[in-house]
Amino acid sequence: MRDARRDPKSELFKDQAITSFQRPLLVILDRNIDICSTLHHTWTYQALIHDLFNLYLNRCQIDIDGKTKNYDLGAEDPFWNKNKGKPFPEVADAVHVELEDCRAAEQEIKRLKDVMGGDALADNDHIASTVSSLPELMEKKKRVDMHINIATSLSDSIRARNLDKFFEVEEKIMTKLLSRRVCRRSSRT
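Note that the structure is a prediction, hence the values are computed from the model and not measured. (Residues numbered from 1 in each chain as written. Predicted model: local features only at pLDDT ≥ 70, side-chain atom pairs only at ≥ 80, totals over all residues. Heavy atoms only, no water.)

Participant: Please provide a residue-by-residue account of helix 7 (residues 134-161), values included.
Facilitator: With 28 residues, helix 7 should reach 40 Å at 1.5 Å per residue; the first-to-last C-alpha distance of 40 Å fits that figure. Those residues of helix 7 not exposed but buried are Leu137, Arg143, Val144, Met146, His147, Ile150, Ala151, Ser153, Leu154, Ser157 and Ile158. Residue asparagine 162 follows helix 7 closely and has a positive phi angle near 55 degrees. (Helix = DSSP H or I, 4+ residues; strand = E, 2+ residues; numbered from the N terminus. Expected span 1.5 Å × (residues − 1). Buried < 20%, exposed > 50% of the residue type's maximum accessible area, 1.4 Å probe, protein only.)

Spelled out as structure tokens, the structure:
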């Protein structure tokens, strides 16, 4: 603000027209007490991807086996929408559940293939619905594979950098700071 006031080229404090002049608003906040927000690193899926990988415009870059892979994490990805704000351990479990769903669907397709080969009187409606769901299943499998690669890379990065220990230390510091703040406030009243 001071530099903008001193700079003769700055348009921030100049009147462009008498009727359209709006004064700038200066808000001064005291941050002496709230140190927790500066220490806290969230442990959510989206925050970890942003912190550990190059996430820009919902596109994530990950190095896998020396090759850079790009993944789109957008609104069209239901797994991302559902899990981006959840803690990473919950997301790892959700990836496992999605993988098991895909495997169960694949087993159902294999079972129907065996039934079709052995019995000509198989349920045609069930076969037709299964065949029509194949593109959806392939898309889901592709997304699950993408999130497996991302979760595996996240897990490797967390282990390599000891971020789980760092997170525990942050939590301990914040818990102590918060408990001290509560004690101070209760002693004042």
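Having seen the structure, we can now continue with the description.
Participant: So what about the pattern of salt bridges? Which residues, and what values?
Facilitator: Enumeration according to the criterion identifies six salt bridges in this entry. Here lysine 140 makes a salt bridge to glutamate 98, at a shortest N to O gap of 3.5 Å. Of this pair, lysine 140 sits in helix 7 while glutamate 98 sits in helix 5 (residues 88-118), and the two are 42 residues apart along the sequence. For lysine 140, a relative accessible area of 31% gives the class partly exposed. (Salt bridge = Lys/Arg side-chain N within 4 Å of Asp/Glu carboxyl O.)

Participant: So what's going on with the pairing of strand 2 (residues 59-64)? Which residues, and what values?
Facilitator: Judged by which residues are buried, strand 2 turns out to be one-sided: Cys60, Ile62 and Ile64 face inward and are buried, whereas Arg59, Gln61 and Asp63, on the alternate face, are not. In this structure, strand 2 lies alongside strand 3 (residues 67-72), joined through six bridges in antiparallel fashion. Residue pairing for strand 3: glutamine 61 is matched across the bridge by asparagine 70. A loop of two residues connects strand 2 with strand 3, the two strands running antiparallel in sequence, and aspartate 65 in this loop sits at a positive phi of about 55 degrees. (Pairing = 2+ DSSP bridges.)

Participant: Before we move on, could you go through the packing of helix 3 (residues 45-52) against helix 7 and cite the residues and values that matter?
Facilitator: To describe two helices that pack against each other, one gives the angle between their axes and the distance between the axes. Interhelical geometry of helix 3 versus helix 7 gives an angle of 65 degrees and a closest axis separation of 11 Å. With respect to helix 7, the element helix 3 is oriented roughly perpendicular. Considering only the axes of helix 3 and helix 7, their crossing is left-handed. Packed against helix 3, whose contacting residues are Tyr45, Leu48, Ile49 and Leu52, the element helix 7 presents His147, Ile150, Leu154, Ser157, Ile158 and Arg161 at the interface. A breakdown of the residues in the contact of helix 3 with helix 7 according to their chemical character gives seven nonpolar, two polar and one charged. (Axes fitted to C-alpha atoms, helices over the stretch in contact; angles between N-to-C directions. Parallel < 35°, antiparallel > 145°, perpendicular 65-115°, else oblique. Left-handed = near helix turned anticlockwise from the far one by under 90°. Contact = heavy atoms within 4.5 Å. Nonpolar A, V, L, I, M, F, W, Y, C, P; charged D, E, K, R; others polar.)

Participant: Tell me about the environment of tyrosine 56, and please be specific about residues and values.
Facilitator: Considering the arrangement of structural elements, one finds tyrosine 56 in strand 1 (residues 54-56). The spacing of tyrosine 56 and aspartate 72 is 16 residues in sequence and 9.7 Å in space, taken between C-alpha atoms.

Participant: Can you break down the environment of glutamate 90 residue by residue, with the values?
Facilitator: Residue position: glutamate 90 is located in helix 5. In this structure, the C-alpha to C-alpha distance between glutamate 90 and threonine 44, residues 46 residues apart in sequence, is 9.2 Å.

Participant: Now, about the sheet that holds strand 1: what can you tell me, with residues and values included?
Facilitator: Strand order in this open sheet of three strands is 1-2-3, and the pairing throughout is antiparallel. If you trace the sheet from one side to the other, it starts and ends with strand 1 and strand 3, each paired once. Ignoring which end each strand starts from, the neighbouring axes of this sheet average 25 degrees apart. Of the pairings in the sheet, the one linking strand 1 to strand 2 comprises three bridges and is antiparallel in character. What sits directly across from asparagine 54, in strand 2, is glutamine 61.

Participant: Which residues make up the side chain of asparagine 83, and what are the values?
Facilitator: Positionally, asparagine 83 belongs in helix 4 (residues 78-83). The class for asparagine 83 is buried, based on a relative accessible area of 1%.

Participant: Break down unusual backbone geometry for me, citing the residues and quoting the values.
Facilitator: Within the chain, asparagine 58 stands out as a residue other than glycine whose phi angle is a positive 60 degrees. Relative to the helices and strands, asparagine 58 resides in the loop between strand 1 and strand 2. The phi dihedral of aspartate 65 falls on the positive side, at around 55 degrees, and the residue is not glycine. Examined against the element boundaries, aspartate 65 turns out to sit in the loop between strand 2 and strand 3. Given a relative accessible area of 77%, aspartate 65 falls into the exposed group.

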